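So you can see what is in the structure, the chains are spelled out below.
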Amino acid sequence: MSTCEFESLEKTLETHIPEEELKEVKRILYGRETMPLDLPSCAQEAASKRDFELKGYRFEAAEEQLRPPRRTRVGLIQNRIVLPTDAPIMDQINAMHSRIGEMVEVAAMCGVNIVCFQETWTMPFAFCTREKDPWTQFAESAQDGHTTRFCQELARKYNMVVISPILEREELHSTMWNTAVVISNSGNVLGISRKNHIPRVGDFNESTYYMEGDTGHTVFQTQFGKIAVNICYGRHHPLNWFMYSMNGAEIIFNPSATVGALSEPMWPIEARNAAIANHCFTCAINRVGTEHFKSEFTSGDGKKAHHDFGHFYGSSYVAAPDGSRTPGLSRTRDGLLVVEMDLNLNRQISDKWSFKVNGHAFIYCELKVIGKTCSC
Ligand SMILES: NC(=O)NCCC(=O)O
């Protein structure tokens with residue numbers, strides 16, 4: 001595991017930029033200032049004891065005459081794997097369950113309503129190896145697998161919606177998918193959202209394992225707002241975010257696994273731009289750490305074979321429809337980002353900028369040109 005990784009952009013800015021200039025720098029980089037969210041001291045203490053970063057922010061909306069505020073708290077969890085990648089599979093899964101369990105307990109202390117974990121959170125991101133065995137053994141049923149049952153317990157215990165992205169094994173045909181299981185705060189599986197764009201870039205050899213998802217752009221009505229899940233590589237496709245939003249999503253989660261050398265310059269832009277373009281909140285989550293694999297693998301680029309994928313740079317953040325965003329979590333540490341948002345902001349910004357109205361009209365005209373009608 002690399003110990004000399006750069007910790008975070010925010011830390012560097014805060015260390016080197018004089019206070020009076022820092023405010024302006026942050027305004028230009030991050031938009032309207034996100035206020036810190038007061039989190040209970042018991043949560044701060046537990047996070048520090050359990051060795052993870054805990055940060056809280058809130059996005060406000062203007063007061064309206066006819067609608068009360070619609071405040072929701074989301075929790076984004078980023079973490080490294082707990083055990084080495086060659087430990088017995090069930091031990092690896094159980095170790096991840098217990099790590100996430102203790103982080104979700106802190107999320108509950110912070111009043112989180114919807115929590116989302118990183119992409120394929122129960123396993124190392126082993127698709128770089130192109131080996132089927134043992135990695136396919138991490139795949140589980142989305143409906144009633146070990147991990148879904150674990151998340152249902154969390155959901156019931158803490159009255160929290162849980163988004164659990166796993167490697168799914170669909171029992172009927174033994175097919176695998178990269179799937180987010182969405183569990184309501186009463187513990188029922190509300191449904192699933194399968195990754196619909198599979199990367200063929202760098203060491204992301206995921207097409208060796210699973211196909212493009214077949215669940216469309218599903219939006220889930222929860223007690224705390226309408227949510228959707230656009231898994232990792234899906235964030236590079238503006239139309240993907242657009243379709244979730246056209247189907248009514250107020251918050252779109254983007255659980256990811258991505259490495260610095262490949263995508264870091266894109267990371268702060270894509271989910272944020274999606275929030276702006278679609279008048280919604282977006283939540284980008286990336287794992288942390290460097291994962292080592294026993295067998296060497298090549299990247300098909302003429303370079304030497306290697307045992308690791310590179311550094312997963314964390315930096316999870318939330319973006320709002322007005323273009324503002326929270327600072328990111330660290331590039332190196334496990335972390336929980338708690339963000340309170342007033343969902344009324346979506347319509348307020350839509351009324352101001354009207355991007356979605358234009359998008360709607362655009363689709364309608366395009367369909368008319370190709371001779372199809374639609375109900376949207
Ligand atoms: N997990 C995944 O889809 N990664 C692809 C690389 C990226 O999109 O940054």
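Residues numbered from 1 in each chain as written. Predicted model: local features only at pLDDT ≥ 70, side-chain atom pairs only at ≥ 80, totals over all residues. Heavy atoms only, no water.

Caption draft 1: Examining the overall build of the chain more closely. Of the regular secondary structure elements, the chain holds ten helices and 15 strands. Here the chain has a C-alpha radius of gyration of 20 Å; the compact-globule value for 376 residues is 21 Å, and the two agree. With respect to the principal axes defined by its C-alpha atoms, the chain has extents near 60 × 60 × 45 Å. The buried share of the chain, reckoned over its 376 residues, is 55%. Pairs at least 24 apart in sequence give 71% of the contacts found in the chain among residues at least 6 apart. Counting every atom, the chain has about 16700 Å² of accessible surface; 53% of that belongs to carbon and sulfur. Taken as two groups, the 39 positive and 46 negative side-chain charges of the chain have centres that lie 3 Å from each other. (Helix = DSSP H or I, 4+ residues; strand = E, 2+ residues; numbered from the N terminus. Rg over C-alpha atoms; globule rule 2.2 N^0.38 Å. Buried < 20%, exposed > 50% of the residue type's maximum accessible area, 1.4 Å probe, protein only. Contact = heavy atoms within 4.5 Å. Areas by Shrake-Rupley, 256 points an atom, 1.4 Å probe, with all protein chains shown as cover. Lys, Arg positive; Asp, Glu negative; His and termini not counted. Charge placed at Lys NZ, Arg CZ, Asp CG, Glu CD.)

Caption draft 2: Representation of the site of the ligand in the model. Neighbouring the ligand are 14 residues; Glu-119, Lys-195, Arg-235, His-236 and Thr-258 lie closest to it. The contact in question runs from a nitrogen atom of the ligand to an N or O atom on the side chain of Glu-206, over 3.2 Å. Contacts to the ligand include Tyr-233, whose backbone N or O atom sits 3.5 Å from an oxygen atom. Computed on the free molecule, the ligand has an accessible area of 280 Å², of which 99% lies beneath the protein chains in the complex. Looking at the shell around the ligand residue by residue, the class counts come to seven nonpolar, three polar and four charged. (Near = heavy atom within 4 Å. Polar contact = N/O pair within 3.5 Å; in protein donor to acceptor, adjacent residues only side chain to side chain. Nonpolar A, V, L, I, M, F, W, Y, C, P; charged D, E, K, R; others polar.)

Caption draft 3: Structural detail: the packing of helix α1 (residues 9-16) against helix α2 (residues 19-30). Direction vectors running N to C along α1 and α2 enclose 155 degrees, while the axes themselves pass 10 Å from each other. Considered as vectors, α1 and α2 are oriented roughly antiparallel to each other. At the point where α1 passes α2, the crossing takes the right-handed sense. Listed contacts from α2 to Leu-9, Glu-10, Leu-13 and Glu-14 of α1 are Leu-22, Val-25, Lys-26, Leu-29 and Tyr-30. Residues that form the contact of α1 with α2 fall into these classes: six nonpolar, no polar and three charged. (Axes fitted to C-alpha atoms, helices over the stretch in contact; angles between N-to-C directions. Parallel < 35°, antiparallel > 145°, perpendicular 65-115°, else oblique. Left-handed = near helix turned anticlockwise from the far one by under 90°.)

Caption draft 4: Structural detail: the state of the cysteines. Taken as a whole, this structure holds zero disulfides when the rule is applied. The cysteine Cys-151 is free of any disulfide, with Cys-116 supplying the nearest cysteine sulfur at 10 Å. For Cys-151, a relative accessible area of 0% translates into the label buried. (Disulfide = S-S within 2.5 Å.)

Caption draft 5: A look at the sheet that holds strand β5 (residues 161-170). Spatially, eight strands are ordered β1-β2-β15-β3-β4-β5-β6-β7 in an open sheet, and the strand pairing comes out mixed. Edge strands, defined here as strands with exactly one partner in the open sheet, are β1 (35-36) and β7 (189-194). With two bridges connecting them, β1 and strand β2 (residues 53-59) associate as antiparallel partners. From the neighbouring strand, Met-35 faces β2, where its bridge partner is Arg-58. (Pairing = 2+ DSSP bridges.)

Caption draft 6: The sheet that holds strand β10 (residues 251-256), seen in detail. A sheet is described by the order of its strands in space; here five strands give the open sequence β8-β9-β10-β11-β14, paired in mixed fashion. Looking at the sheet topology across the chains shown, the edges are occupied by β8 (220-222) and β14 (317-319). Going across the sheet, the axis of each strand differs from the next one's by a mean of 25 degrees, ignoring polarity. One ladder, built from three bridges, connects strand β11 (residues 281-286) with β14; its direction is antiparallel. Bridging across to β14, Ala-284 finds its partner in Tyr-317. Packed onto the sheet, helix α8 (residues 267-278) meets β10, β11 and β14 and runs at close to 35 degrees relative to β14.

Caption draft 7: Quick look at the packing of aromatic side chains. As enumerated under the stated definition, the model contains 17 aromatic pairs in all. With a centroid separation of 5.5 Å and an interplanar angle of 85 degrees, the aromatic rings of Trp-135 and Phe-293 are classed as edge-to-face. A residue pair is termed long-range when its members are at least 10 positions apart, and Trp-135 in the loop between β4 (114-116) and α5 (146-158) and Phe-293 in strand β12 (residues 288-297) qualify at 158 residues. Judged by its relative accessible area of 3%, Phe-293 is buried. A ring pair is formed by Trp-267 and Tyr-317, whose centres lie 6.2 Å apart and whose planes are at 85 degrees; its orientation type is edge-to-face. Note that Trp-267 is positioned in helix α8 and Tyr-317 in strand β14, a separation of 50 residues in sequence. Accessibility assignment for this pair places Trp-267 and Tyr-317 in one class, buried. One Lys or Arg, Arg-287, reaches over the ring of Phe-312 and ends 5.7 Å from the middle of that ring. The aromatic ring of Tyr-317 is capped on one face by Arg-325, whose charged end is 4.0 Å from the ring centroid. (Phe/Tyr/Trp six-rings, centres within 6.5 Å; stacked < 30°, edge-to-face > 60°. Lys NZ or Arg CZ within 6 Å of the ring centre and 35° of its normal.)

Caption draft 8: Inspection of the pattern of salt bridges at higher detail. This structure, assessed with the given rule, holds 26 salt bridges. Where Arg-58 meets Glu-60, a salt bridge forms, and the shortest distance between an N and an O atom there is 2.1 Å. In this structure, Arg-235 and Glu-270 form a salt bridge, with 3.2 Å as the shortest nitrogen-oxygen distance. Of this pair, Arg-235 sits in the loop between β9 (225-229) and α6 (238-246) while Glu-270 sits in helix α8, and the two are 35 residues apart along the sequence. Neither Arg-235 nor Glu-270 differs from the other in exposure class; each is buried. Each member of the salt-bridge network shares a partner with another, and the members are Arg-80, Arg-99, Glu-102 and Asp-334. (Salt bridge = Lys/Arg side-chain N within 4 Å of Asp/Glu carboxyl O.)

Caption draft 9: The arrangement of helix α3 (residues 41-49) in detail. All of the buried residues along α3 are Ala-43, Ala-46 and Ala-47. Projected onto a plane normal to the axis of α3, the buried residues spread over an arc of 100 degrees and lie on a single side. Structural note: α3 exposes Glu-45, Ser-48 and Lys-49 on the side pointing more than 90 degrees away from its buried face. Lining the buried residues of α3 we find β2 and α4 (89-109). Of the residues flanking the end of α3, it is Asp-51, one or two places downstream, whose phi is positive at about 60 degrees. (Arc of directions from axis to C-beta.)

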